[in-house]
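Tertiary structure, described
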Amino acid sequence: MSQFIKLYEENPNPKDLKQIVKILKAGGLIIYPSDTVYALGCDITNAKALEKVAQIKGVKLAKANFSFVCEDLSNLSDYVRQIDTKTFKILKRALPGPYTFILPGNNNLPSSFKKKKEVGIRVPDNEITRAIVRALGNPIVSTSIYDEDEVIEYTTDPELIFEKWQNRVDVIVDGGYGGNVPSTVIDLTGDEPILIREGKGSPEL
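Description of the structure in this document. (Residues numbered from 1 in each chain as written. Predicted model: local features only at pLDDT ≥ 70, side-chain atom pairs only at ≥ 80, totals over all residues. Heavy atoms only, no water.)

1. Some remarks on the overall build of the chain
Heads up, the rule is: Elements are defined by DSSP. Helices are runs of H or I of four residues or more, strands are runs of E of two residues or more, and each kind is numbered from the N terminus. Note that the radius of gyration is over C-alpha atoms, with the globule rule given as 2.2 Å times the number of residues to the power 0.38. Exposure classes here rest on a 1.4 Å probe applied to the protein chains alone. A residue is buried below 20% of its type maximum, exposed above 50%, and partly exposed in between. Contact definition: two residues touch when any of their heavy atoms are within 4.5 Å. Computed with the Shrake-Rupley method and a 1.4 Å probe, the accessible areas treat only the protein chains shown as cover for residues. In this tally Asp and Glu are treated as negative and Lys and Arg as positive; neither His nor the chain ends contributes. Working definition for charges: the position is that of NZ of Lys, CZ of Arg, CG of Asp or CD of Glu.
Helix and strand counts for the chain come out as 6 helices and 10 strands. Against the globule reference of 17 Å for 205 residues, the chain gives a C-alpha radius of gyration of 16 Å, in line with a compact fold. Principal-axis analysis of the C-alpha atoms gives the chain an extent of 45 × 35 × 35 Å. Counting all 205 residues of the chain, 53% fall into the buried class. Taking the intrachain contacts of the chain between residues at least 6 apart in sequence as the baseline, contacts between residues at least 24 apart amount to 64%. Accessible surface, the chain: about 10500 Å² in total, of which carbon and sulfur atoms supply 47%. Here the chain contributes 26 positively and 28 negatively charged side chains, and the mean placements of these two sets differ by 8 Å.

2. Details of the sheet that holds strand E2 (residues 30-32)
How we decide: Paired strands, as defined in this entry, are two strands with at least two bridges between them according to DSSP. To define axes, lines are fitted to C-alpha atoms, for helices over the stretch in contact only, and angles between the resulting N-to-C directions are given on a 0 to 180 degree scale.
The 10 strands lie next to each other as E1-E8-E2-E3-E7-E4-E6-E5-E9-E10, forming an open sheet whose pairing is mixed. Looking along the sheet, the strands with just one partner apiece sit at the ends: strand E1 (3-6) and strand E10 (194-197). Put simply, the sheet's adjacent strands are angled 30° from each other on average, direction ignored. Taken together, the 4 bridges between E1 and strand E8 (residues 171-174) define a ladder with parallel strand orientation. Counted as the bridge partner of Phe-4 is Ile-172 from E8.

3. Quick notes on the packing of aromatic side chains
Note the cut-off: When two rings of Phe, Tyr or Trp (its six-membered ring) have centres within 6.5 Å they constitute a pair, described as stacked for plane angles under 30 degrees, edge-to-face for angles over 60, and tilted for the intermediate range. For a Lys NZ or an Arg CZ to count as sitting over a ring, it must be within 6 Å of the ring centre and within 35 degrees of the ring normal.
One pass over the structure, following the stated rule, counts 4 aromatic pairs. Aromatic pair Phe-4 and Phe-162: ring centres 5.1 Å apart, planes at 55°, arrangement tilted. Taken together, the positions of Phe-4 in strand E1 and Phe-162 in helix H6 (residues 158-165) put the pair 158 residues apart, joining distant regions of the chain. Given the relative accessible area of 35%, Phe-4 is considered partly exposed. Relative to Tyr-79, the ring of Phe-68 lies with its centre 5.4 Å away and its plane at 80°, an arrangement referred to as edge-to-face. Placement of Phe-68 in strand E4 (residues 67-69) and of Tyr-79 in helix H3 (residues 76-79) is noted, with a sequence separation of 11 residues between them. Taking the relative accessible area as the measure of exposure, Tyr-79 reaches 9% and is therefore buried. Joined through ring pairs, the aromatic side chains of Phe-68, Tyr-79 and Phe-113 make up one cluster. We note Arg-168 situated over the ring of Trp-165; from NZ or CZ to the ring centre the distance is 4.8 Å.

4. Focus on the pattern of salt bridges
Stated formally: What makes a salt bridge here is a side-chain nitrogen of Lys or Arg within 4 Å of a carboxyl oxygen of Asp or Glu, nothing more.
Throughout the structure, instances matching the rule amount to 7 salt bridges. The residue Arg-130 makes a salt bridge to Glu-127 at a minimum N-O spacing of 3.4 Å. Taken as a pair, Arg-130 and Glu-127 lie in helix H5 (residues 127-136) at a separation of 3 residues, close to a single helical turn. Judged by relative accessible area, Glu-127 falls into the partly exposed class, the value being 22%. We note a salt bridge from Glu-127 to Arg-134, for which the minimum N-O separation is 3.0 Å.

5. Let's talk about the side chain of Thr-155
Checked against the element boundaries, Thr-155 lands in the loop between strand E7 (140-144) and H6. Among the residues examined, Thr-155 registers a relative accessible area of 6% and is labelled buried. Those residues in contact with Thr-155, other than ones at most four positions away along the chain, are Tyr-38, Ile-145, Tyr-146, Asp-147, Ile-161 and Gly-179.

This is the structure we're talking about:
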């Protein structure tokens, strides 16, 4: 059964963060809050954990469109090819915030994603998320958790999330009620930004 850990955005408990990081480094899966919806995630460097996330989502890992959740833009050069000033200004303006930006991947991608030419980058405006990534020391790979109820497309209540997911993941982080509007997805791999999905973030950047 999952651990259910309550964290507060104003001051996430260092002891609890340490426990979450220990589980992530051991290949565990977590469900955690963000600035949009609750998400399922794992350590980007753990191949077995990545496979488990892909299995839960019912996709092949090599073809999965998972986001890389970073603490800030300093992680970009680890996974993204050099970007121009215009693109960087858009990122700087929008992040942290409720956006996923599609960017050109580089040759340093983890082995599980070597064939991918593009990556989705997230820097959520949520201190719980960023504190977990900061404590882990590298990004987490992430995907939103859907609710079967089409009216409420994303699960928002941490206790209901726990009921549903307690036997499938290792930690559920209770950061209070989540939203039910996903991130806005914008493709920045071409000459002009292309809106892929309109979500919580304004497409006007």
